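# Architecture and fold: a report
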Amino acid sequence: MSIVAVRITPITTTISPQFHRPSPTAILTLPLRKTHTSLHCSNSSFLNPIRLSPVTRPTTRKPTSIQMSMEAGVGLMGTKLGMMTYFEPTGKVVPVTVIGFREGNVVTQVKTDETDGYNAVQIGYRRVRDKKLTKPEMGHLEKSGVIPLRHLQEFRLPSVDGFEPNQKLVLEELFKEGDLVDVSGTTIGKGFQGGIKRHNFKRGPMTHGSKSHRALGSIGAGTTPGRVYKGKKMPGQMGGTKTKIRKLKIVKIDTDLRVVMIKGAVPGKPGNLIRIAPAKIVGKNIPKN
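The sections below set out a description of the structure shown in this document. Everything numeric here is computed off the predicted structure, so don't read it as measured data. (Residues numbered from 1 in each chain as written. Predicted model: local features only at pLDDT ≥ 70, side-chain atom pairs only at ≥ 80, totals over all residues. Heavy atoms only, no water.)

## Topic: the overall build of the protein
Across its full length, the protein carries four helices and 13 strands. Among the 289 residues that make up the protein, the fraction classed as buried is 29%. Across the protein, every contact between residues at least 6 apart in sequence was considered, and the portion connecting residues at least 24 apart equals 68%. Accessible area for the protein stands at about 20,000 Å²; split by element, carbon and sulfur atoms hold 53% of it. (Helix = DSSP H or I, 4+ residues; strand = E, 2+ residues; numbered from the N terminus. Buried < 20%, exposed > 50% of the residue type's maximum accessible area, 1.4 Å probe, protein only. Contact = heavy atoms within 4.5 Å. Areas by Shrake-Rupley, 256 points an atom, 1.4 Å probe, with all protein chains shown as cover.)

## What to know about the sheet that holds strand β11 (residues 242–254)
In space, the six strands of this closed barrel follow the order β3-β4-β12-β11-β8-β13, with antiparallel pairing throughout. With strand direction ignored, the average angle separating the axes of adjacent strands in the sheet is 50°. In this sheet, strand β12 (residues 259–263) lies alongside β11 in antiparallel orientation, the contact comprising four bridges. Note that in β12 the partner of Ile 250 across the bridge is Ile 262. (Pairing = 2+ DSSP bridges. Axes fitted to C-alpha atoms, helices over the stretch in contact; angles between N-to-C directions.)

## Some remarks on the sheet that holds strand β6 (residues 120–127)
Taken together, the three strands give an open sheet; going across it, the order is β5-β6-β7, and neighbouring strands pair in antiparallel fashion. Either end of the sheet is taken by a strand with one partner, and the two such strands are β5 (104–111) and β7 (149–156). For this sheet, the mean inter-axis angle between neighbouring strands, taken without regard to orientation, is 25°. Note: β6 against β7, seven bridges, orientation antiparallel. Pairing of Gln 122 across the sheet is with Glu 154, part of β7. Relative to the sheet, helix α2 (residues 135–143) contacts β5, β6 and β7, its axis offset from that of β7 by approximately 60°.

## Focus on unusual backbone geometry
In this structure, Pro 225 follows Thr 224 across a cis peptide bond, with omega equal to 5°. Tracing the chain through its elements places Pro 225 in the loop between α4 (195–199) and β10 (236–238). The phi angle at Asn 105 is positive, at roughly 55°, despite the residue not being glycine. Note on placement: Asn 105 falls in strand β5. Residue Asn 105 is classed as buried on the basis of its relative accessible area of 4%.

## A short note on the pattern of salt bridges
Scanning all chains against the criterion turns up five salt bridges. Linking Lys 111 and Glu 154 is a salt bridge whose minimum nitrogen-to-oxygen distance equals 2.4 Å. Of this pair, Lys 111 sits in strand β5 while Glu 154 sits in strand β7; the two residues are 43 residues apart in sequence, bridging distant segments of the chain. Its relative accessible area of 18% is what places Glu 154 among the buried residues. (Salt bridge = Lys/Arg side-chain N within 4 Å of Asp/Glu carboxyl O.)

## Considerations on the side chain of Thr 79
Along the chain, Thr 79 falls in strand β3 (residues 76–87). Judged by relative accessible area, which is 8%, Thr 79 ranks as buried.

## Things to note about the environment of Pro 158
Structurally, Pro 158 is set in the loop between β7 and α3 (171–174). For Pro 158, a relative accessible area of 60% translates into the label exposed. With near-sequence residues (within four places) excluded, Pro 158 lies in contact with Met 70, Glu 71 and Asn 119.

Rendered as structure tokens:
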């Protein structure tokens, strides 16, 4: 509490909480800080103590909205095994990527609008030993009665009806041969690369006195604009980023070997984690609006 010592002459003087320049007949001692919560007058015969309550502004918290891509359906996680050649019954040669499935693909948590603000199904994949996980991770899995799993990913869905914790997802029930899927993974890291390898730039002449072979060249104008535009393609780190390949066709599902063959290449190298989800097709499983 800050104290204001006031000595007043018989002349009537009005003291307001605001800081005006005092008159010559009034001596004010104001040991006040920037934030004043009250004013107290030492002369009891003057006025009752003036108490000022701090101004409080109503704080309105904006509702948090979840910004996440809606999936066309629940998917699975797998491990990339490599690429091979597949011969169709007609004799056509198709390059395919083989994706295997370790122990896992179990529902670890079901999120709803009432509990989390959005509908999603959390899937766990690849069983590991208990000591490979932290105690918070173990507690999260033990809450649903699920075995220790290394990878956890979510699939946001319009509705989570029919899903429950510790539910095993079966490949044959989710996908069939001929379906189109979206495959996500981490691309192979290439390190720091130049513009030719990273962005497919053309090189300069290697002979006839040219001194510009694989150099980047000009990166912008001079005084105007006097800077380099954002997004300019230049040398830098290549690869090692999350990438999604859309609308790949499932060629073969082998239940005995627990593998699925997908036409074309998918991100990553053998042994990488792969996420497979139904392809989002506007007008079919995604509304047009």
